[in-house]
Amino acid sequence: MSVGLSHYLIVSLLVFVLGLYCVLTRRNAIGILMGVELVLNSANINYLAFARYSSGGYDGQVFAIFVIMLAAAEAAIGLAIVLGIYQTFQTIDVEATETLRG
Amino acid sequence: MSGLGVGDVLFCVVALVTVVSAAGVAFSPNIVYSAFSLMGTFMGVAALYVFLAADFVAVVQVLIYVGGILVLTLFAVMLTHRIADVRISNRSVGRLPSLMIMALVAGVMIKAILGAHWHTVDAATPAPTTYGIGNSFLGEYLLPFELASVVLLAALIGAVVLSRKELTEE
């Protein structure tokens, strides 16, 4: 038995469900952002695994780089928003910041 | 059945490190420990990229995720919380329903992964990828590449505007 496509897919799946759990249960906004990073990483593993085990073009790798770029932008904006929330509410518990709830 | 090669054993170790530290991120009761085990995940994923013959993406992963996003996350953790008070800093709710959703998603996906007949070709021998990626960026993907720089500029300005102190006119 040697390492093949499905092994990478299963590792990526495990990282994905752990990120999903993180997003679902955390009440700390930064914890939620960490879960999103895990999900993005698992998507990237999938991109590169399929790129490796298919026709051998560079499309998968280029997409992975775009995902990494967007993740960096998302982290910068998300954390800036979190810091803004902290300045206003003195907490970043997402259940405490429900001023807009109707 | 042939024995496990060195590459297979290394893959198992790297996959284990990745998944265990991802579990640390998800289950750790302390947000600081979560942030540090995120580093293990990012490094493990970078090592997986090396196994997938994506040398350039692996280096980009280390530079941007570990060097950028993780440091930014740690800064945010340190700046926003009464870290000593773990009970406040990393509350989790709804564990049981979330675990059920996790199990459901994992079950469906594992069934899909193992059931599908993936059309794979024999992996080529690893070769440097920077040449091909550079050609893709300046050829086929030129427009997304330029748009990416605009997005990054917008994100940069947006982050500065969002996190600056409001100066009120007296």
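Just so you know, these numbers come straight off a predicted model, no measurement behind them.

Draft legend 1. The arrangement of the overall build of chain B in detail. Scanning chain B from terminus to terminus reveals seven helices and zero strands. The secondary structure elements of chain B, listed N-terminal to C-terminal, are α-α-α-α-α-α-α. Burial analysis of chain B (170 residues in total) assigns 25% to the buried set. The long-range fraction of contacts in chain B, counting pairs at least 24 apart against all pairs at least 6 apart in sequence, stands at 52%.

Draft legend 2. Examining the overall build of chain A more closely. Along the backbone of chain A there are three helices and zero strands. Starting at the N terminus and ending at the C terminus, chain A contains elements arranged as α-α-α. Taken over the C-alpha trace, chain A has a radius of gyration of 17 Å; the compact-globule value for 102 residues is 13 Å, which it surpasses by more than 25%. The principal-axis extents of the C-alpha atoms in chain A amount to approximately 55 × 25 × 20 Å. Put simply, 49% of the contacts in chain A that link residues at least 6 apart link residues at least 24 apart.

Draft legend 3. Fine view of the interface of chain B and chain A. On the chain A side, the residues contacting the 70 residues of chain B number 59 residues. At the level of elements, helix H1 (6-27), helix H2 (31-51), helix H3 (55-80), helix H5 (95-115), helix H6 (130-138) and helix H7 (142-163) of chain B are the ones that each hand at least two residues to the side of chain B that touches chain A. Among the elements that line the side of chain B that touches chain A, the one with the most residues is H3(B), at twelve residues. In terms of residue class, the side of chain B that touches chain A is built from 47 nonpolar, 20 polar and three charged.

Draft legend 4. Highlighting the environment of Leu70(A). The residue Leu70(A) is located in helix H3 (residues 59-89) in this model. Since 15 C-beta atoms lie within 10 Å of it, Leu70(A) is described here as partly exposed.

Draft legend 5. A look at the environment of Tyr47(A). All names here are of chain A. Here Tyr-47 shows up in helix H2 (residues 29-52). Each C-alpha atom, one on Tyr-47 and one on Val-15, is 14 Å from the other, the two residues being 32 residues apart in sequence. Those residues in contact with Tyr-47 that sit more than four places away from it in its chain are Gly-60, Phe-63 and Ala-64.

Draft legend 6. Here's a closer look at the packing of H2(A) against H3(B). At a minimum axis separation of 11 Å, H2(A) and H3(B) run at an interaxial angle of 170°. One way to sum up the angle between H2(A) and H3(B) is to call them roughly antiparallel. On H3(B), the residues touching Ile30(A), Met34(A), Glu37(A) and Leu48(A) of H2(A) are Val57(B), Ile69(B), Thr73(B), Ala76(B), Val77(B) and Thr80(B). Taken together, the residues of the contact of H2(A) with H3(B) sort by class into seven nonpolar, two polar and one charged.

Draft legend 7. The arrangement of unusual backbone geometry in detail. If you check the backbone angles, Ala53(B) has positive phi at about 65° while not being a glycine. Ala53(B) gets classed as buried once you count the C-beta atoms within 10 Å, which come to 20.

Draft legend 8. Local environment of H3(B). Here H3(B) is 26 residues long and its end C-alpha atoms lie 36 Å apart, about the 38 Å a rise of 1.5 Å per residue gives. The principal kink in H3(B), of about 30°, is found at Tyr65(B). Burial in H3(B) covers these residues: Val57(B), Ala58(B), Gln61(B), Tyr65(B), Ile69(B), Leu70(B), Thr73(B), Ala76(B), Val77(B) and Thr80(B). Buried residues along H3(B) sit in contact with H2 and H3 of chain A together with H2 of chain B.

Draft legend 9. Structural context of the nonpolar core. Core analysis: the biggest nonpolar cluster contains 64 residues, and Leu18(A), Ile30(A), Leu48(A), Leu48(B) and Tyr49(B) have the highest contact counts within it. Among the elements of the structure, helix H1 (5-25), H2 and H3 of chain A together with H1, H2 and H3 of chain B are those that each provide at least two residues to this core. With twelve residues, the single largest contributor to this core is H1(A).

Conventions adopted
Residue positions are given per chain, counting from 1 as you read along its sequence in written order. Each chain takes a letter, starting from A, and each ligand takes a number, starting from 1, following the order in which they are written. At least 70 in pLDDT is required for a residue's local features to be given in this predicted model, at least 80 for side-chain atom pairs to be given and counted, and no such filter applies to totals for whole chains, interfaces and linings, which use all residues. Numbering of helices and strands runs from the N terminus; a helix is a DSSP stretch of H or I covering at least four residues, while a strand is a stretch of E covering at least two. Using C-beta atoms placed from the backbone, we call a residue buried if 20 or more other C-beta atoms fall within 10 Å of its own, exposed if 12 or fewer do, and partly exposed for counts in between. A pair of residues counts as a contact when their C-beta atoms, built from backbone coordinates, are separated by no more than 7 Å. Each radius of gyration reported is based on C-alpha atoms, and the globular scaling rule is 2.2 Å times the count of residues to the power 0.38. Nonpolar residues are Ala, Val, Leu, Ile, Met, Phe, Trp, Tyr, Cys and Pro. Charged residues are Asp, Glu, Lys and Arg, and all others, Gly as well, are polar. Angles run from 0 to 180 degrees between N-to-C directions of axes, and those axes are lines fitted to C-alpha atoms, restricted for helices to the stretch in contact. For classification, angles of less than 35 degrees are called roughly parallel, those exceeding 145 degrees roughly antiparallel, those between 65 and 115 degrees roughly perpendicular, and all remaining angles oblique. Every helix has an expected span of 1.5 Å times one less than the residues it contains. What is called the bend at a residue is the angle between a pair of axes, fitted to the seven residues leading up to and ending at it and to the seven starting from it. A set of buried Ala, Val, Leu, Ile, Met, Phe, Trp, Tyr and Cys residues, joined through C-beta atoms within 7 Å, is what we mean by a nonpolar core.

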